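# What the coordinates show
Here are the chains, one letter per residue:
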Amino acid sequence: FYPSMFVLVADILDSFGELVFERLSMKAVNGDDGSGKKKKGGKDEQKESKGRTLRDNFTPVDVNLEASETCQNWFYKIACIRELSPR
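Predicted, not measured: the structure shown is a model, and the values here were computed from it.

Right, let's get into the overall build of the protein. Along its length, the protein carries two helices and two strands. Counted from the first residue to the last, the protein has its helices and strands arranged as α-β-β-α. By the burial criterion, 10% of the 87 residues in the protein qualify as buried. For the protein, the share of sequence-separated contacts (at least 6 apart) that also reach a separation of at least 24 residues comes to 47%.

Right, dumping it as structure tokens:
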């Protein structure tokens, strides 16, 4: 029972991680919040499709500040999970 549960949970976490990475990648390039709209001066505008992507070996300079802060928040949230760590 537990090995199959472990595989199921690992698969769900893997899928969730891919979704978070895709959202952060969009945010890093386009500067949007992942909802398809770009905020500018408190007003929502449809984002322009620029077709830009991150390089495979990107550096922190290639990522905008908002995406970098969001990524740091995700790492902080993950680090705060203590219930799943072995005792």
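Text resumes after the structure shown.
What follows deals with the packing of aromatic side chains. To describe a pair of aromatic rings, one takes the distance between the centres and the angle between the planes. Within this structure, the stated rule accounts for one aromatic pair. On the numbers, 5.7 Å between centres and 65 degrees between planes, the contact of Phe-16 with Trp-74 is edge-to-face. Of this pair, Phe-16 sits in helix α1 (residues 2-30) while Trp-74 sits in helix α2 (residues 65-79); the two residues are 58 residues apart in sequence, bridging distant segments of the chain.

Conventions used here
- Residues numbered from 1 in each chain as written.
- Predicted model: local features only at pLDDT ≥ 70, side-chain atom pairs only at ≥ 80, totals over all residues.
- Heavy atoms only, no water.
- Helix = DSSP H or I, 4+ residues; strand = E, 2+ residues; numbered from the N terminus.
- Buried < 20%, exposed > 50% of the residue type's maximum accessible area, 1.4 Å probe, protein only.
- Contact = heavy atoms within 4.5 Å.
- Phe/Tyr/Trp six-rings, centres within 6.5 Å; stacked < 30°, edge-to-face > 60°.

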